[in-house]
Amino acid sequence: MPLYHTEDQAMLADTARGFMADEGNIAKQLRHFRDINCKDGFGHALWKQFAEMGFTGILVGEADGGLGMGNVEAGIVLEEIGRNLTPSPFLTSSVMAATALAAASDDLKGRYLPGLLAGDSVFAVAIDEGPKHRPERIATRAERSGNGFKLSGSKAFVVQGGSADMLVVAARTAGADDDQDGVTLFAVPKDAAGLSMDVVRLVDSSQGAHVKLDAVQLDADAVIGEVDGGRAVLNRVLNAGRVGAAAESVGVAMGSFEMTTTYLKQRKQFGKLIGEFQALQHRAAHLYSELEIARATVIKAQQLLDAGSEKAELMVSVAKAKAGKAAGLAVKEGVQMHGGIGMTDEYDIGLYMKRDRALAEFMGDLYYHADKVAQLSGY
Amino acid sequence: MSDLDAFRAEIRAWLEENCPPEMREPVRDDDDVCWGGRKFKFKNEAQKLWLERCAAKGYTVPDWPKPYGGAGLDPAQAKVWREEMNRIGARPPLSSFGIWMLGPALLKFGSEEQKVHYLNQIARGEIRWCQGYSEPGSGSDLVSLQTFGEDKGDHWVVNGQKIWTSYADKADWIFCLVRTDKANKYQGISFLLFDMESPGVSTKPILLISGNSPFCETFFDNVSVPKHQIVGEVGRGWDVAKYLLGHEREMISGAGGNDRLNTIGAFAKRNGLEDPLLRAELAMFDVDALAFSAMGEKFLDEIKVGKAHPAQPNMMKYAGTELNKRRHELLMAAGGSAALEWESESSNHGGKARSWLRTKANSIEGGTSEVMLNVISKRILDLPGA
């Protein structure tokens, strides 16, 4: 398959770009909800609009009322989300939780998918238990109890956890903390007894929830997929989340880069446009090169994932690492090339830097994924 | 089965039957590369057979039209061909500047007669070409070149000197930038083709830091070139030259070389990899290398259907060569003192060290990294005054 968008995908990109620029732009969404100190950090009205556009069900199968598309298409929406810094529960709900629910029973699908498709529900995925991404270690326990399970443990920095109607929780039903096997995924409703959270605001105005599970009793039908065999589904959720975050990073990078090159063509110093200085031109050109490569890597990983290729896991890690690296460079160069105004809250470039930092951490940073590339390559 | 699947099956079967086992071994050094040409000595019978079999089917230049020696494959079929070649690790049957550089320029600017004549020679590996671009006073500022062709009615008489002419001492013919009008800087250059055995042509190899001499100085002393051996119009050689440079940059970038997901970390581990910081550096490099292989694939896909920015080869050249220099720095570090060996048989006559030194030219030849960044600034980013 060629590494560019099909006609249908290009049309979706046009639609998503127009929609996000009009409705999801920084003034209307990010700044507005930040400045009113909104507890969710995003607008539910926009989430309803996402549903009207069909975006919320982009990865939900057609039989379940969704669009039945793939990670390439989800990535198209995410790139525009990134470009506009649009706060939304799309990545956690429509990409990660939807990927988990694809493996769930019809009963669970029937319970949760209609709300997602309608833009009424928000989901979160609770995997990590510390400040760094470490999904190999799952210490949260699920003991058999009555007709179901009792969950105990804690999850850290769960993105959108505080606004979620349901959390997909990875818990251990067998084995030791670092075992591959023995993991089970659960759909935990927000009002489950014993579930509590402490929601903290992060640098990019998003929220992360510290989730406590204190003997949370769930029926057996809350299990997503197989008991003890959740790792395979979890890996699918991680891959979708990682390549999705990489696509959003590319969008953040592109937004920041476009803003910066525009500035280079407007700002005058020493009687010249600063874009005439070769010191800045070469840095901008190097950045362009890095961004092109990151974008190619992301579409390659998306295609491999959608095709079910055995190389997908490796390329997803390459994509998350490379996109994070390129976007990190884009926002740092963006602030530096804007000079003093780049440090002000009034200018948007600093918001890109903040969002990039949060995305870099989400689902594993450059170091985590470079290490994974080494491991998958046998060293 | 789709047409493309059927085509894949056909290619797979053909390769299985026709690609000799020796030609499925990795290329170790320049000795293993089949360059073709009048002076070329085949390393073994398999190399000769592989070239002949491919040339007979048009597979040395699979995407060139059939009348010019190609197989006439469309972009999707050409991709299948590359994938199937990679799958069995087949060596390219023929490598040459004719295929990578002159061929594309002739396809765009050549007359029908020139295409039929020269492209078929290239496709069959009969003539090996070299490139006469740089001069002692004209490196990055190539358009200042001084080699002059004096108009003598039905021919030009060429005098001057070229430098960094790759394999000039091994090539049969040269494609050469010659000034035919001293008053006109950009529109006073013509793109000429001539035989390196023409009276008045001489070459002198340049010894490099690698101890090898892949480049020559090339001297022209009253060389007579018939007028029909011009590509494009008189004085419009710069257009041809720039177009060809795009292909040269694409070639040097290494795009489309080999998309098998080999990492240098895995390679380094064979010698033991005990230093965690080196392992980390290798991992960071492999992220960039695997990412660039995706870029190479995307670039080739886009260029075939006209989706790539026309100046994109400059980006590919910049990124690919800087990456290759880093690769060889790390291979030297991973190899330790053993990588310093310069002469021994076991080190393949200092293969690692010589390759490492050779890569330093990657970001100079065909346009320096700094020139590439200038071009990206101007033509892609549209920055002012660039």
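What you see is a predicted model, and the numbers here were worked out from it, not measured in a lab. (Residues numbered from 1 in each chain as written. Chains lettered and ligands numbered in written order. Predicted model: local features only at pLDDT ≥ 70, side-chain atom pairs only at ≥ 80, totals over all residues.)

A. Region of interest: the overall build of chain B. Looking only at helices and strands, chain B has 11 helices and eight strands in total. A compact globule built from 386 residues would reach a C-alpha radius of gyration of about 21 Å, and chain B, at 21 Å, matches this within 12%. In terms of overall dimensions, chain B has C-alpha extents of about 65 × 50 × 50 Å along its principal axes. In chain B, which comprises 386 residues, the proportion classed as buried is 42%. Pairs at least 24 residues apart make up 71% of the contacts formed inside chain B by residues separated by at least 6 positions. (Helix = DSSP H or I, 4+ residues; strand = E, 2+ residues; numbered from the N terminus. Rg over C-alpha atoms; globule rule 2.2 N^0.38 Å. Buried ≥ 20, exposed ≤ 12 C-beta atoms within 10 Å, placed from the backbone. Contact = placed C-beta atoms within 7 Å.)

B. Seen up close, the overall build of chain A. Along its length, chain A carries 11 helices and 10 strands. For chain A, whose C-alpha radius of gyration is 21 Å, the value lies close to the compact-globule estimate of 21 Å for 379 residues. If one aligns the C-alpha atoms of chain A with their principal axes, the spans along those axes are about 80 × 50 × 40 Å. Buried positions account for 55% of the 379 residues belonging to chain A. Sequence-distant contacts, at least 24 apart, represent 74% of the contacts inside chain A between residues at least 6 apart.

C. Examining the interface of chain B and chain A more closely. Contacts between the two partners involve 34 residues from chain B, matched on the other side by 35 residues from chain A. Breaking the side of chain B that touches chain A down by element, the ones donating at least two residues are α7 (264-269), α8 (276-304), α9 (312-335) and α11 (369-380) of chain B. Of the residues contributing to the side of chain B that touches chain A, the split by class is 22 nonpolar, four polar and eight charged. (Nonpolar A, V, L, I, M, F, W, Y, C, P; charged D, E, K, R; others polar.)

D. Layout of the environment of Met166(A). Residues and elements named next belong to chain A. With respect to the helices and strands, the residue Met166 is situated in strand β4 (residues 166-172). Judged by C-beta crowding, with 25 C-beta atoms within 10 Å, Met166 ranks as buried. With 21 residues separating them in the primary sequence, Met166 and Ala187 have C-alpha atoms 6.5 Å apart.

E. Structural view of the pairing of strand β1 (residues 129-132) of chain B. Residue and element names in this part refer to chain B. Every second residue of β1 is oriented toward a common face, with Trp129 and Gln131 on one face and Cys130 and Gly132 on the other, all of them buried. Of the strand pairs in this sheet, β1 and strand β4 (residues 173-179) are connected by four bridges, and their pairing is parallel. By the bridge assignment for β4, Cys130 is matched with Ile174. (Pairing = 2+ DSSP bridges.)

F. Geometry of the pairing of strand β6 (residues 195-201) of chain A. All names here are of chain A. Where β6 and strand β7 (residues 207-219) come together, seven bridges link them in antiparallel fashion. What sits directly across from Arg201, in β7, is Gln207. Counting the residues in the hairpin turn of β6 and β7 gives five residues, including Ser205, whose phi is positive at 70°.

G. Inspection of unusual backbone geometry at higher detail. Positive phi outside glycine occurs at Leu85(A), with the angle close to 50°. Mapped onto the fold, Leu85(A) is located in the loop between α4 (71-84) and α5 (90-101). The phi torsion at Asn348(B) lies on the positive side, around 55°, for a residue other than glycine. Structurally, Asn348(B) can be placed in the loop between α9 and α10 (351-359).

H. Quick peek at the nonpolar core. Among the nonpolar cores identified, the biggest contains 156 residues, and Ala100(A), Val168(A), Phe186(A) and Ala301(A) are the most heavily contacted of them. At 16 residues, helix α7 (residues 231-264) of chain A tops the list of elements feeding residues into this core. Setting aside anything within four residues of it in sequence, one finds Phe186(A) in contact with Ala142(A), Leu151(A), Val169(A), Ala171(A), Leu218(A), Ala222(A), Val223(A) and Ile224(A). Listed in part, the 60 residues of the second largest apolar core include Trp64(B), Ala105(B), Leu193(B) and Phe220(B). (Core = buried A, V, L, I, M, F, W, Y, C linked by C-beta atoms within 7 Å.)

I. Quick peek at helix α4 (residues 97-109) of chain B. Across its 13 residues, α4(B) extends 17 Å between first and last C-alpha, which sits within 8% of the 18 Å expected from 1.5 Å per residue. Those residues of α4(B) that sit buried are Phe97(B), Gly98(B), Ile99(B), Met101(B), Leu102(B), Gly103(B), Ala105(B), Leu106(B) and Phe109(B). (Expected span 1.5 Å × (residues − 1).)

J. Structural detail: the domain arrangement of chain B. Splitting chain B by domain gives domain 1 (3-95), domain 2 (129-236) and domain 3 (254-380). Averaged C-alpha coordinates put domain 1 of chain B and domain 3 of chain B at centres separated by 24 Å. (Domains from an automatic or database assignment.)

K. Representation of the environment of Arg379(B) within the structure. All names here are of chain B. Mapping Arg379 onto the fold places it in helix α11. Take Arg379: there are 15 C-beta atoms within 10 Å of it, and that puts it in the partly exposed class. Once the C-alpha coordinates of Arg379 and Asn314 are considered, the two residues, 65 residues apart in sequence, prove to be 10.0 Å apart.

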